[in-house]
Amino acid sequence: MITARGLERRFRRKGRAGGEVHAVRGVDLDVEEGELVGFLGPNGAGKTTTLRMLTTLLKPTAGTATVGGHDLLTDAAGVRRNIGYVAQGGGTAPESRVGEELELQGRLYRMSKADAIARGKVLADQLDLAGLEQRATKTLSGGQRRKLDIAMGLIHSPGLVFLDEPSTGLDPQSRANLWEHIRRLRAEQGVTIFLTTHYLDEADALADRLIVIDDGRIVAEGHPDALKEQVSGDGVAIEVDPRSAAAAADLARQLPGAHEFSVREGSIRFRVPRGDTAMPELLRALDAKDIATAAMQVTRPTLDDVFLTLTGRSLREAEQPAAAEPEVSDAA
Ligand SMILES: Nc1ncnc2c1ncn2[C@@H]1O[C@H](COP(=O)(O)OP(=O)(O)OP(=O)(O)O)[C@@H](O)[C@H]1O
């Protein structure tokens, strides 16, 4: 469904400072039909820029791609016909009615009036918007508005849909509801979904496969659980008498694959590939040396641990609002 090689995008900075922003620095992507792929990275990592290139809204500075079976550079119209794109801000006019928006969107894709209305009804049902057709879009809740945006992106029955930060700004209940709908769209309609997010829980809950981007480059790729296992392993924390800490840490260091040690007084922390198998082994070793453990805890890694291991930064820290960017132009 998507094959991209070496996609790059530079933006020229305006003003006296000059120079360039290298927003995307050579991205390779492969997305198979029917996949639900999460494109995860902190603010400013290059997610939206990549998405805008893949959806023909922005020309790549370098690289090639095939999207929905059409060449991005030579057949942009073919790409546009075969994809749906749901942008961050959505695109509904505040005064118009839900049903009208859906119909108009269908007409923009050259559907007949009857087909646009019929397809709008099916999508409204599937996305829990039935009964709201006569409501002005400005009166919808945030969650309903996002679902309308998604319905509009799907009106022409594309096989591939891009969702840019679908649940940003929604309360936890609306987010969970939206996730359920996204899962169902894939399950019931077989739509391939490529979504960007900077929420770890969203990536974890939704995606079959994650592609992690940082500073314009892909830094990891895989199923959320596989990434956690490969990249960082389980976290282990044990508490012993401070006088035994050095000896206990020595024993823990002998566990296969143990790494990232920190020892502070009687508190020892480290990571191992599998906490459940390492723990009994360590307990036996400590017991044999008469070292008593006051507490022991194993924690499963999070996607934040993955990001930290790969980049040396926490995704949560990286999400802090960025400093104001210099004025820039859209032209490369
Ligand atoms: N039109 C533009 N002109 C200049 N620089 C831009 C432009 N669009 C994006 N950038 C810069 O490119 C970098 C990547 O931005 P992008 O919007 O792709 O990130 P993102 O990962 O989608 O972030 P967010 O999660 O905040 O949406 C940032 O440094 C951004 O300031």
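Treat the numbers as computed from the prediction; the structure is a model and nothing was measured.

### Focus on the packing of aromatic side chains
Logical step 1: Summed over all chains, the structure comprises three aromatic pairs.
Logical step 2: Centroid distance Phe 261 to Phe 270: 4.8 Å. Interplanar angle 10 degrees. Geometry classified as stacked.
Logical step 3: For Phe 261, a relative accessible area of 23% gives the class partly exposed.
Logical step 4: Under the relative-accessibility criterion, Phe 270 is labelled buried at 2%.
Logical step 5: By the ring-pair criterion, three or more aromatic residues cluster together here, those being Phe 39, Phe 162 and Phe 194.

### As for the sheet that holds strand 2 (residues 20-31)
Logical step 1: Overall, antiparallel pairing links the four strands, which are arranged 2-1-4-5 in an open sheet. Of all strands in the sheet, those bounded by a partner on one side alone are strand 2 and strand 5 (70-71).
Logical step 2: Across two bridges, strand 4 (residues 62-67) lies against strand 5 in antiparallel orientation. Bridge pairing in strand 5 links Val 67 to His 70.
Logical step 3: Contacts from helix 1 (residues 47-54) reach strand 1 (2-12), strand 2 and strand 4, with the element oriented near 115 degrees to strand 1.

### So, helix 3 (residues 98-108)
Logical step 1: Listed in full, the buried residues belonging to helix 3 are Val 98, Glu 101, Leu 102, Gln 105 and Gly 106. Buried residues of helix 3, viewed axially, fall in a sector of 130 degrees; they line one side.
Logical step 2: The inward-facing, buried residues of helix 3 contact helix 4 (113-126) and helix 5 (142-153).
Logical step 3: Of the residues one or two after helix 3, Arg 110 is the one with positive phi, at around 65 degrees.

Conventions and cut-offs
Residues numbered from 1 in each chain as written. Predicted model: local features only at pLDDT ≥ 70, side-chain atom pairs only at ≥ 80, totals over all residues. Heavy atoms only, no water. Phe/Tyr/Trp six-rings, centres within 6.5 Å; stacked < 30°, edge-to-face > 60°. Buried < 20%, exposed > 50% of the residue type's maximum accessible area, 1.4 Å probe, protein only. Pairing = 2+ DSSP bridges. Helix = DSSP H or I, 4+ residues; strand = E, 2+ residues; numbered from the N terminus. Contact = heavy atoms within 4.5 Å. Axes fitted to C-alpha atoms, helices over the stretch in contact; angles between N-to-C directions. Arc of directions from axis to C-beta.

Fair warning: the whole summary comes from geometry, so function is off the table for now.
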